[in-house]
Amino acid sequence: VSVPAEAFYQNHGNLYSMMKGKMSPSNLHMFSGTLCKELHEHMAHLGKEGTGDLSDLVRHVMYPAVVNTLFGKGICPTSPSEIKEFEEHFQKYDEDFEYASQMPECFLRNWSKSKKWLLKLFEKVVLDAERTNPSETASKTLLQHLLDSLQGKHLAPKYGLLMLWAAQANAVPVAFWTLAFILSNPAIYEKVMEDLASVFGKAGKDKLEVSEEDLKKIPFIKWCTLEAIRLRSPGAITKKVIFFFFSPKDANFTIPAGDMLMLSPYWLHRNPKYFPDPEMFKPDRWKEANLEKNAFLDSFVAFGGGKHQCPGRWFAIMEIQLLVVLFLYKYEFVLLDAVPKESPLHLVGTQQPMGQLQVRYKCRE
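Values in this document were obtained by computation on a predicted structure and should not be read as measured data. (Residues numbered from 1 in each chain as written. Predicted model: local features only at pLDDT ≥ 70, side-chain atom pairs only at ≥ 80, totals over all residues. Heavy atoms only, no water.)

## Focus on the UniProt feature "binding site: heme" (unreviewed entry) in the protein
Next up, step 1: When the UniProt feature table is mapped onto this chain numbering, "binding site: heme" (unreviewed entry) sits at C310.
Next up, step 2: Along the chain, C310 turns up in the loop between α13 (265-268) and α14 (313-330). (UniProt positions renumbered as here; feature names shortened; annotations may be inferred. Helix = DSSP H or I, 4+ residues; strand = E, 2+ residues; numbered from the N terminus.)

## Examining unusual backbone geometry
Next up, step 1: Backbone geometry places S2, a non-glycine residue, at a positive phi of 70°.
Next up, step 2: Topologically, S2 is positioned in the segment before α1 (5-22).
Next up, step 3: At D277, a position not held by glycine, the phi torsion is positive, near 50°.
Next up, step 4: If you trace the backbone, D277 turns up in the loop between α13 and α14.
Next up, step 5: Judged by relative accessible area, which is 45%, D277 ranks as partly exposed. (Buried < 20%, exposed > 50% of the residue type's maximum accessible area, 1.4 Å probe, protein only.)

## What about the domain arrangement of the protein?
Next up, step 1: When the domains of the protein are assigned, the result is domain 1 (5-233 + 271-363) and domain 2 (234-263).
Next up, step 2: Each of domain 1 and domain 2 has a C-alpha centre, and these two points are 31 Å apart.
Next up, step 3: The interface of domain 1 with domain 2 comprises ten residues on the first partner and six residues on the second.
Next up, step 4: In this assembly, domain 1 packs against domain 2 so that about 570 Å² is buried in total across both faces, 66% of it on carbon and sulfur atoms.
Next up, step 5: On the domain 1 side of the contact with domain 2, S233, V301 and L347 bury the most area, a combined 56% of that side's loss. (Domains from an automatic or database assignment. Contact = heavy atoms within 4.5 Å. Buried area = accessible area lost by both parts, 1.4 Å probe.)

## Section: the pattern of salt bridges
Next up, step 1: Taken as a whole, this structure holds 19 salt bridges when the rule is applied.
Next up, step 2: With a closest N to O distance of 2.9 Å, E41 and K73 form a salt bridge. Here the residue E41 occupies a position in helix α2 (residues 29-43), and K73 occupies one in the loop between α3 (54-71) and α4 (80-95), the gap between them amounting to 32 residues.
Next up, step 3: Take K73: its relative accessible area is 53%, and that puts it in the exposed class.
Next up, step 4: Linking K216 and E213 is a salt bridge whose minimum nitrogen-to-oxygen distance equals 3.2 Å. Remark: E213 and K216 occur in helix α11 (residues 212-216); sequence separation between them is three residues, near one turn of the helix.
Next up, step 5: According to the relative accessible area criterion, K216 is exposed, its value standing at 54%.
Next up, step 6: When salt bridges with common partners are traced through the structure, they connect R232, R270, E279 and E342 into a single cluster. (Salt bridge = Lys/Arg side-chain N within 4 Å of Asp/Glu carboxyl O.)

## Details of α4
Next up, step 1: In this model α4 runs 22 Å from its N-terminal to its C-terminal C-alpha over 16 residues, within 8% of the 22 Å that 1.5 Å per residue would give.
Next up, step 2: Those residues of α4 lying buried are I83, F86, E87, H89, F90, Y93 and D94. (Expected span 1.5 Å × (residues − 1).)

## Remarks on a nonpolar patch on the surface
Next up, step 1: Together, F8, Y9, I242 and F243 give the surface a local cluster of nonpolar side chains, amounting to about 480 Å² of exposed area.
Next up, step 2: For I242, a relative accessible area of 47% corresponds to the partly exposed category. (Patch = residues over 30% accessible without salt bridge, like charges linked within 9 Å, V, L, I, M, F, W, Y side chains within 5 Å. Areas by Shrake-Rupley, 256 points an atom, 1.4 Å probe, with all protein chains shown as cover.)

## Regarding the packing of α2 against α14
Next up, step 1: The N-to-C vectors of α2 and α14 enclose an angle of 40°; their axes lie 10 Å apart at closest approach. With respect to α14, the element α2 is oriented oblique. Considering how the two elements wind past one another, α2 and α14 form a crossing that is right-handed. Seen from α2, the contacting residues are F31, S32, L35, C36, L39, H40 and M43; seen from α14, they are F315, M318, E319, L322, L323, L326, F327 and K330.
Next up, step 2: Here the residues of the contact of α2 with α14 sort into eleven nonpolar, two polar and two charged. (Axes fitted to C-alpha atoms, helices over the stretch in contact; angles between N-to-C directions. Parallel < 35°, antiparallel > 145°, perpendicular 65-115°, else oblique. Left-handed = near helix turned anticlockwise from the far one by under 90°. Nonpolar A, V, L, I, M, F, W, Y, C, P; charged D, E, K, R; others polar.)

## Remarks on the sheet that holds strand β6 (residues 331-335)
Next up, step 1: Strand order in this open sheet of three strands is β1-β7-β6, and the pairing throughout is antiparallel. Each end of this open sheet is capped by a strand with a single partner; those strands are β1 (49-53) and β6. Each strand of the sheet is rotated relative to its neighbour by a mean of 25°, with strand direction disregarded.
Next up, step 2: In terms of strand pairing, β6 meets strand β7 (residues 358-363) through five bridges, oriented antiparallel. Paired with F333 across the two strands is Y361, which belongs to β7. (Pairing = 2+ DSSP bridges.)

## Considering the state of the cysteines
Next up, step 1: All told, the structure shown has zero disulfides when counted by the stated rule.
Next up, step 2: Here C363 is not disulfide-linked; the sulfur of C36 is the nearest cysteine sulfur, at 15 Å. (Disulfide = S-S within 2.5 Å.)

Here you go:
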C-alpha cells in the first residue's frame, strides 16, 4: 500500500498492540451484534432463492458487512453499481497483491489502477472518520482507533487500505471453503444442522440474533472453520532477519541479518506426523485443541507464530462462524458442481478456489 519501510516500523508496535487489544477474544462481543445485523441486511439482497457461485455469494455479503462493522456504517459504497465497482477493484487488488510486492507497478497496470481507486476512496473514508471521531473510546470504530494511534496522518488512507485487505483477503475464501466442505460432507452437514437446532430451534423459523455467547455453544462450527483454514493455508510465510542470529544449541548454525526465512503452513498442515489423515476434512481433530484458552493445535501456524501472530485472528474466526451460521440457518443449498481444487497460483494468503462452485439456494420454510 506504499507505506515507506521507515514509517511502517515506526508505527508497527503501537498499531499491533492496539489491534490485538481491540480484537481480543474478550472484546469480540463489541463486534458480534453489529456484524450480525449487517450480515442479515446484506443477505437480504440475495433474495429468497437463486443460483450463483458460492464464492460470489459469500463475497457480496461479507465485503459490505465487515467493512461497515470495522470502519463505520456508510463507509462502503451503498448503491448496487458502486458496490460492484468496489468489489471489482478490491478483487483485482487482492489477486495481484503478491506479485505487486515483487515488481514495479508499471508492469501491473490494472492492479495499480485498482490500488489508486481504493486509495482515493480511503481519502474520503479517513476524512469522514476524523470528522465523526467520538471522544468516548467505546464508540470508536477500529479505523478511528487506528487514526488515534498513527504517527504520520498523511499515511492514514494507506493504512486504511491495508486494514481492509487484512480484514477481507483471507476471511472471504475461508468462509467459502468452510461452507463448501460442510455442504459436500453429508454427515458433517447433518451434525452442523443438529447443533443449530439445539441452540436456535428449527432452522429458518426466525431471524437470528447470534451473540458471541451463542457461538460458544456450537463449537463444532468453529472446528469446521479451523479445519478449512488448515486445509487451505498460505503456501508460505516469509520473514526478513533483522539481527544476526545463531542457534543456542549449535553456535555453528547462524543466520546473517538480511536473509529471508520461509515457513510453509500449507505443507506443515499436511504432515501426517502432526495431522493424521492430513487431506481429510476432519473437524473432530480440533476437539484436542484448548480453544477455551485460545490455543490452537500444535503445529498449526496459519496465523503465524510467536508474539506477532495475526492480531485479528479471533475476529476472523468469529466473523466466519457467524456467516456460516446465518447462511445455513436461513437457506437450503444444493451443490450444482463438485467442490473445486485450490489454485496453485499464489504462495501468500489463503488458497483460492481454482474454479466456480455453482449452488442453488432458497429460504427455508
